[in-house]
Amino acid sequence: MWGGVRGGGGLAVRLLGARSKQEFFSTSSVLSKDKEKSAASKESSPEGAAKKQEDGAGTPKQQLLDIIGDMKVEVSYRKKLQQLKTSENKKQAMNQLEGLDSEGSVPQGITEDTQRGKPLSPELVKAASAVASSLPRNKKKTESELLAQLRRHEETTDKQKKGGIINIRNVISEMTIKRQSPAQRGARMSGRISLQLDEDGQRLRREGSSALSVDSRRSLKVGKRLNIFTKASTEPEHALKTVSSPTIWDLEFAKEVAAVTAQPPRNGFEEMIQWTKEGILWEFPIDNEVGMEDDAEFHEHIFLEKHLEGFPKEGPVRHFMELVICGLSKNPYLSVKQKVEHIEWFQKYFEEKKELLQEI
Amino acid sequence: MAARRAGAGCWQRALWLGRCRLPGGWESCRSSLSSTALGKTVDNSQVTQEEIVLPRRKTWDKLAVLQTLASTVNRDPTAAHYMFQDDPFLMPRNAVNCRLYSLSKESGRNAAKYIIKNFPQYFDKTFAEPNIPCLMPETLTPQTEGVSEEALRERIHLRMVKESVDMFDQLLQAGTPVSLETTNSLLDLLCFYGGGEPSPEKEQEEKEGLEEPEVNASEQKAPKRQFQRGSQSSGPRWRENNHAERIFKIMPERNAHSYCAMIRGMVKHGAYSKAYDMYIDLLNERHKADVHTFNALIRAVPYLKERFAERWELAKDFLTHMAQQKVQPTLLTFNSVLKSLRRCGGVGRTMSLLVLKEMEALNIEPSLASYDHLLSVYYKGVDGQSSDIISEVLNEVEKRSFTAQDPDDASFFTTAMQVCCDLKDINLAYQVNKVLEKGDNWKFLDVDRLNNYWSKFFSLLCMMEQIEVVLKWYKEMSSSLFYPTPKNILDLLQALDAANQLEVIPSVWEDVKQMGFSRRQDLLEEFLSLMSRDQHPSEIQLAFAKCAEEIKAVHEPAGQGQVPLEWTGSALGHVVVLFSRAGRTQDAWKMMEFFQKINRIPTDKVMDEFLNCAKQTNYPDEAIKMVKLAASLGLSSQRLKNRMEEEFELSETQKKALESIKCDGDSSDSDSSDSDRE
């Protein structure tokens, strides 16, 4: 149960899906290594290099070893932790870089692209340059603008990916079972049953009076009551209950009562139920909805064609956008809203360049 | 673990799902990108052209699947309980083992928890992803430093009794006033633990105490035992001037909560009259007690007054006070009343029904504990009660499903079965069992209570049922559901005897060996006497002789420091008879020799059987030796001698040897020793 690595292959599906095929089937850890490498390659500025040496994980040999180590089925945790830590460091470094970059919001051109170009797939670059080449002027600028947007997008993905891990952790840690207090439960139970019993009680009383004529005193249903208490409305009691926090007495009593029916599991499934309640086991049924935001459903994440209506029906732009949504559909780290915004950005972009496009 | 791994793939699967349903035109351009992912599904896409209704998101109960699966699994009558299946070597064979192993397993868990709790510094890595909180150590060291009310509150929350008291004293010395609320929660803590530290060992003991089986508890003993459980096992007894009392005294102002905490603590730790005095103080201060305090006081009633009527009057007083103070009673209030009525003799019998009626009038459903108390009020220690009450109770219980609401709920089924046993009413017992099997009711029986319950039920079955039915139950229950006690085996033997089915005995003996009862003298005696009592067909006799041989082995030194059982005269005689009937003269003679060794005297029946055997198998020498032996033990050997002369074909030397045995039954000791020498 310690070995439950969540994420696994599911996370392998990355932005814009244009990564090569073998990566589809590789494990996430390898991929994240990959990303680390790319992050490292980004840091060719002196600042980044210094950082890299500090990290000590940057030597190629080390990286190779790490990758090989992670390719085993069982991911060792120490390594995983280390990796997480280093990647977090890297992220910080990257953010610093980003901070430097952010002044010039206009991308600086293809030179930078080769520096940082690794995360974008050649195919995408090709598609982007195709779009750019269809424009008469400023081809290079257009291409780099497109690519920069894609890259920015990927950075968000990375950030949210890390955020996602933390989020999931939070979700699981909050998974502790909320127990209904026995008193509440009892109150509810009695409320539910009382009506039904009244009828039965009457029936029994008739039976009792006929059968037990000799010792009618000794029957559950016949006889007087104590007449000490009067039935009160339960509202004031409820008000009191909600105000005071549980004392040690309440807690211990609840434990004692829970212990009454807490029997050892009778079969493997019951044991799994127990583990699920304790939060040790992954929840059944295993579906594709774990960790998803509440508002979106999975088809909204995946079927993004409907957002392409504003684009031309054919041509290089269309081809480019199809690639974009294909990648987006495989990206589990962006929210639906972000995906739509991403598409809208392109729409606006191409809208602005419409005249240029039509000049051809 | 597998579950987790599978969970990882969820997104990919979602994609796959999506891809299969895409309109065909799309595939061509996508497949160029990720043809591997698409694989064979490309062809299908042509077929599914129609409108696809995408499912709305569905929230699943995380346990539903497992619960459904679990409900498909039945008990395996040939296997031990699931908790013992990790290690076949540790399959329990009897109730003692079962208890020992289950406690060991639990204590192993506790030991692990203890280590994690006490050495959290070694468990600071979050290995699991996502984290599993229940496997990680809790923070038990206070985070707040210094002396302040905040720090005091934290220590109270962490249940550090001694630190809290010290902190409180320091605060007082420093002249910092502690708020009433904090002081009250400190009082709660002190009263709950009765002045001692909460320690894992004590909790362990407590648990063990709770699980202690009531196997031999007679009716009179049972309530007393329960009282001990309630008061003593849960911690130290209330001491004069302990911290709680001291702090209570120096409190500048006290509210109802302070008084209530004190009263509850005093009742919990056995200071009943003090609790009552405290209650009087509370009344004098014009405070109102809460319902829990009244419950505690009502439970204390039997220890406050001696006479039954006085006890009931006091309990009634408390109830009236509750009504006056407008405190609404709960189920636990009435359960406390009923529990106290258990110790009110005949008064209890009249009043308990009134109490139940009162509950009904207030719309409070009785829990199993209420019925448990009612049953023991009516049936404990009283003979010849009618079965009206219990059958009414059972009818009520049958109609409802129960959740645990009172710690005493657990003992209902055992009590009910005990009553059925006392009434010797098998139909009621079946009804109890039916109720037990309904829904989740089985959960009310822990391992020990389960054993207790079934062993009672089984004894009753042996007593009242047809032997076929008994054997069916026996086969189904024994060692998968419960472990028969030696008493159950005796009952079974008697049932077999009554039904004239003694040929089953060898298989029962096998079970007895399995259960590790083969060294119980009373059981062995019963086995031997039943087997040797009548003559059976030769096949059965052979099987019996085999059993006898095994029983004999138990009495012989087996090595490894195991002390062999002492032979008794009757056991020895039975074994001789069994061997003789099976025609094993040599074995029988060896057993005869034991009589002399242990200075026991064989009965006439034994000697006759031996002679018969010697005659049938033609061992006149052994017969003569036997006569000699009888003579040497000072028995009247004349009759045997006559028999020998009549029935055996003896050679001359044998005749001579026979003649030389002093035949006189009343010959003196010296004579018989003479004959020994010959």
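A. Structural view of the overall build of chain A. Counting its secondary structure elements, chain A contains 17 helices and zero strands. Within chain A, the fraction of its 360 residues that count as buried is 46%. A sequence separation of at least 24 residues applies to 71% of the contacts in chain A between residues at least 6 apart. Surface accessibility of chain A: about 20,000 Å² in total, with carbon and sulfur atoms responsible for 55%.

B. Summary view of the overall build of chain B. Scanning chain B from N- to C-terminus turns up 35 helices and zero strands. Sequence-distant contacts, at least 24 apart, represent 66% of the contacts inside chain B between residues at least 6 apart. Surface summary for chain B: the accessible area is close to 32,500 Å², and the carbon and sulfur share equals 51%.

C. Spatial organisation of a nonpolar patch on the surface. A surface patch of nonpolar side chains, about 420 Å² in accessible area, is lined by Tyr114, Ile115, Phe119 and Tyr122 of chain B. The class of Phe119 of chain B is partly exposed, set by a relative accessible area of 35%.

D. Highlighting the packing of helix H22 (residues 426-437) of chain B against helix H23 (residues 447-464) of chain B. All names here are of chain B. Their axes nearest at 10 Å, the elements H22 and H23 cross at an angle of 145 degrees. In the packing of H22 onto H23, the handedness of the crossing is left-handed. In this structure, H22 uses Ile426, Ala429, Tyr430, Val432, Asn433 and Leu436 to contact H23, whose residues at the interface are Tyr453, Trp454, Phe457, Leu460, Leu461 and Met464. Partitioned by chemical class, the residues of the contact of H22 with H23 number 11 nonpolar, one polar and no charged.

E. Representation of the environment of Phe84 of chain B. Tracing the chain through its elements places Phe84 of chain B in the loop between helix H5 (64-71) and helix H6 (95-118). The sequence separation of Phe84 of chain B and Cys98 of chain B amounts to 14 residues, and the corresponding C-alpha distance is 8.6 Å.

F. Quick peek at the confidence of the model for chain B. Residues and elements named next belong to chain B. Mean pLDDT for chain B: 80, with 81% of residues reaching 70 or above. Confidence drops under a pLDDT of 50 for residues 1-44, and excluding neighbours within four residues, the segment shows 91 contacts in the predicted structure. The low-confidence segment residues 664-678 (pLDDT under 50) makes nine contacts with residues lying over four places distant or belonging to another chain. Scored by ipTM, the complex comes to 0.74, with pTM at 0.65.

G. Structural detail: the pattern of salt bridges. Residues and elements named next belong to chain B. In the structure shown here, the tally under the stated rule is 40 salt bridges over all chains. We note a salt bridge from Glu510 to Lys513, for which the minimum N-O separation is 3.3 Å. Note that Glu510 and Lys513 are positioned in helix H26 (residues 505-515) at a spacing of three residues, about one turn of the helix. The exposure class assigned to Lys513 is partly exposed, which follows from its relative accessible area of 28%. Salt bridges here are not isolated pairs; linked through shared partners, they connect Asp604, Asp608, Lys615, Arg639, Arg643 and Glu647.

H. Layout of the nonpolar core. All names here are of chain B. In this structure, Phe412, Phe413, Ile489, Phe527 and Met592 are the most contacted members of the largest nonpolar core, which totals 179 residues. Here this core gets eight residues from one element, more than from any other, and that element is H23. Each residue touching Phe413, except ones within four places of it in the same chain, is listed here: Leu368, Val432, Val435, Leu436, Asn441, Phe444, Leu445 and Tyr453.

I. Fine view of the side chain of Glu252 of chain A. Topologically, Glu252 of chain A is positioned in helix H12 (residues 248-260). Side-chain polar atoms of Glu252 of chain A contact the side chain of Arg159 of chain B, separated by 2.5 Å. Ignoring any residue separated from it by four or fewer positions in sequence, one finds Glu252 of chain A in contact with Arg159 and Phe192 of chain B.

J. Spatial organisation of unusual backbone geometry. Residues and elements named next belong to chain B. Non-glycine residue Asn500 carries a positive phi angle of around 60 degrees. Tracing the backbone shows Asn500 in the loop between helix H25 (486-498) and H26. Within the chain, Asn599 stands out as a residue other than glycine whose phi angle is a positive 55 degrees. If you trace the backbone, Asn599 turns up in the loop between helix H30 (585-597) and helix H31 (604-616).

K. Local environment of the packing of helix H16 (residues 308-324) of chain B against helix H17 (residues 331-341) of chain B. All names here are of chain B. Where H16 meets H17, the closest approach of the two axes is 10 Å, and the angle between their N-to-C directions is 170 degrees. In terms of orientation, H16 and H17 fall into the roughly antiparallel class. Counted together, Trp312, Leu319 and Met322 of H16 and Thr333, Val337 and Leu341 of H17 form the full contact between these two elements. Tallied by class, the residues present in the contact of H16 with H17 amount to five nonpolar, one polar and no charged.

L. Inspection of the side chain of Arg643 of chain B at higher detail. Residue and element names in this part refer to chain B. Its place among the elements puts Arg643 in helix H33 (residues 638-647). A polar contact of 2.4 Å, which involves the side chain of Arg643, links it to the side chain of Asn612. When residues no more than four places from it in sequence are discounted, the contact partners of Arg643 are Asp608, Leu611, Asn612 and Phe648.

M. Just the environment of Arg643 of chain B, in detail. Residue and element names in this part refer to chain B. Classification of Arg643 as buried rests on a relative accessible area of 15%. Between the C-alpha atom of Arg643 and that of Asp608, which follows or precedes it by 35 residues, the distance is 9.3 Å. For Arg643, the side chain forms a polar contact with the side chain of Asp608, separated by 3.0 Å.

N. Up close: the packing of aromatic side chains. Enumeration over the complete set of coordinates arrives at 30 aromatic pairs over all chains. When the centroid spacing of 5.7 Å and the interplanar angle of 80 degrees are considered together, the rings of Tyr349 of chain A and Phe350 of chain A count as edge-to-face. Both residues of the pair, Tyr349 of chain A and Phe350 of chain A, belong to the buried class. Measuring from ring centre to ring centre gives 6.1 Å for Phe119 of chain B and Tyr122 of chain B, while their planes differ by 25 degrees; the resulting arrangement is stacked. Here the aromatic residues Phe311, Phe320, Trp345, Phe346, Tyr349 and Phe350 of chain A are joined through ring pairs into a cluster of three or more. The residue whose ring lies beneath Arg266 of chain A is Trp442 of chain B, and the NZ or CZ to ring-centre distance is 3.7 Å. Here the guanidinium or amino end of Lys597 of chain B rests over the ring plane of Phe594 of chain B, the centre of that ring lying 4.5 Å away.

Cut-offs applied
For every chain, the first residue of the written sequence is number 1, and numbering continues from 1 along that sequence. Whichever chain is written first is A, and whichever ligand is written first is 1; the rest continue in order. Local features are withheld for residues below a pLDDT of 70 in this predicted model, meaning they are given only at 70 or higher, and side-chain atom pairs are given and counted only at 80 or more; totals for whole chains, interfaces and linings count all residues. To get the side-chain values, all heavy atoms of the structure are used, and hydrogens and water are removed first. Secondary structure counts use DSSP, requiring at least four H or I residues in a row for a helix and at least two E residues in a row for a strand, with both numbered from the N terminus. Accessibility here uses a 1.4 Å probe with only protein chains present; expressed as a share of the type maximum, an area under 20% marks a residue as buried, one over 50% as exposed, and anything in between as partly exposed. Contacts between residues were defined by any pair of non-hydrogen atoms, one from each residue, lying within 4.5 Å. Computed with a 1.4 Å probe, the accessible areas rest on the Shrake-Rupley method; for each residue, only the protein chains presented here act as cover. Think of a patch as exposed residues, more than 30% relative accessible area, with no salt bridge, where like charges cluster within 9 Å and nonpolar side chains (Val, Leu, Ile, Met, Phe, Trp, Tyr) cluster within 5 Å. We count a salt bridge whenever a side-chain nitrogen from Lys or Arg sits within 4 Å of a carboxyl oxygen from Asp or Glu. Think of each axis as a best-fit line through the C-alpha atoms, taken over the contacting stretch in the case of a helix, with angles from 0 to 180 degrees between the N-to-C directions. When the near helix sits turned anticlockwise from the far one by under a right angle, the crossing is termed left-handed; a clockwise turn instead gives a right-handed crossing. Amino acids are sorted into nonpolar (Ala, Val, Leu, Ile, Met, Phe, Trp, Tyr, Cys and Pro), charged (Asp, Glu, Lys and Arg) and polar (every other residue, Gly among them). One confidence number per residue, pLDDT, is output by the predictor and ranges from 0 to 100. As used in this record, nonpolar core signifies buried Ala, Val, Leu, Ile, Met, Phe, Trp, Tyr and Cys residues forming a set joined through side-chain atoms within 4.5 Å. Residues adjacent in sequence count toward polar contacts only when both atoms are side-chain atoms; beyond that, a polar contact is any pair of N or O atoms within 3.5 Å, and within protein one must be able to donate a hydrogen and the other to accept it. Note on terminology: angles under 35 degrees are roughly parallel, angles over 145 are roughly antiparallel, angles of 65 to 115 are roughly perpendicular, and the others are oblique. Stacked, tilted and edge-to-face are the three classes assigned to paired rings of Phe, Tyr and Trp, where Trp is represented by its six-membered ring and a pair needs centres within 6.5 Å; plane angles under 30 degrees give stacked, over 60 edge-to-face, the rest tilted. Two thresholds decide whether a charge sits over a ring: the Lys NZ or Arg CZ must be within 6 Å of the ring centre and within 35 degrees of the ring normal.

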